[in-house]
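Topology and contacts: notes
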Amino acid sequence: VIRGRGGEVTTIIHYLLNNGSISNTSIEYDLGYWSDWTFLYNSYNKLERFISEGENNSDDYVNFTWSGNKLTEVSINSDMKRTFNYNGKSCNGFNPLIVMIGLADFSYGKFMPIISNPDLAGFKSNELPVSMSESEDNQEDVMNFTYEFYNDGYLKSCKGVWGGSDGGCYYEFFFTWE
């Protein structure tokens with residue numbers, strides 16, 4: 001159970017584990033709203049889909065497509081799609097970026113704890129994408145990634161630069177391993 005507070009709102013997230021992976025979560029807000037999330041995995045224990053059912057019985061879903069250890073596509077409902085491209089680069093340990101832009105970003109931060117333990121949601125991968133294409137509302141943009149490594153091959157930093165309509169907006173992530 002994780003309890004968080006932002007401003008005047010308290011959020012409580014309950015995680016249910018099954019064979020070492022998250023199978024369900026329940027999110028309660030002190031404003032009376034709740035949502036349940038169901039996690040579905042493929043035969044290699046990689047997250048394939050999670051479905052959110054809110055209190056008004058409307059379902060949202062996110063689909064994940066894997067090619068071996070590489071996350072190749074993420075789509076939310078039928079509105080947005082992210083496609084990842086690779087060139088064979090990898091790192092020691094795992095790539096937290098995949099969890100952040102593949103899972104946590106689509107869940108509005110509700111699954112941020114998974115970043116430090118991606119095995120909980122079948123998201124552990126050491127593959128490093130060179131780019132990500134994002135399409136939404138008939139618009140497409142591409143983010144290109146560059147990486148820095150520690151001497152032992154673990155990821156030190158990642159920079160993602162949008163190349164199109166966002167005018168070169170970029171994000172930088174720095175990683176400390178303990």
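This structure is a prediction, so every number in the text was calculated from the model and none was measured.

**Considerations on the overall build of the protein chain**
- A tally of regular secondary structure across the protein chain gives one helix and 12 strands.
- Along the protein chain, helices (α) and strands (β) appear in the sequence β-β-β-β-β-β-β-β-α-β-β-β-β when read from the amino end.
- Within the protein chain, buried positions represent 40% of all 178 residues.
- In the protein chain, of all internal contacts separated by at least 6 residues, the share reaching a separation of at least 24 is 36%.

**Quick notes on the confidence of the model for the protein chain**
- Chain-level statistics for the protein chain give a pLDDT mean of 78 and a share of 75% at 70 or above.
- Between the elements of the protein chain, mean pLDDT differs from a low of 50, seen in strand 1 (residues 2–6), to a high of 92, seen in strand 8 (residues 80–90).

**Quick notes on the environment of K124**
- Following the sequence through the fold, K124 ends up in the loop between helix 1 (96–102) and strand 9 (127–136).
- Relative accessible area serves as the criterion here: at 36%, K124 is assigned to the partly exposed category.
- With 54 residues separating them along the chain, K124 and K70 place their C-alpha atoms 9.5 Å apart.
- Ignoring sequence-local partners within four residues, the contact set of K124 consists of K46, N69, G93, F94, P118 and D119.

**Quick word on the side chain of S131**
- Positionally, S131 belongs in strand 9.
- Beyond its immediate sequence surroundings of up to four residues, S131 is in contact with T83, F84, N85, V142, M143, N144 and F145.

Procedures and definitions
- Residues numbered from 1 in each chain as written.
- Predicted model: local features only at pLDDT ≥ 70, side-chain atom pairs only at ≥ 80, totals over all residues.
- Heavy atoms only, no water.
- Helix = DSSP H or I, 4+ residues; strand = E, 2+ residues; numbered from the N terminus.
- Buried < 20%, exposed > 50% of the residue type's maximum accessible area, 1.4 Å probe, protein only.
- Contact = heavy atoms within 4.5 Å.
- pLDDT = per-residue confidence, 0-100.

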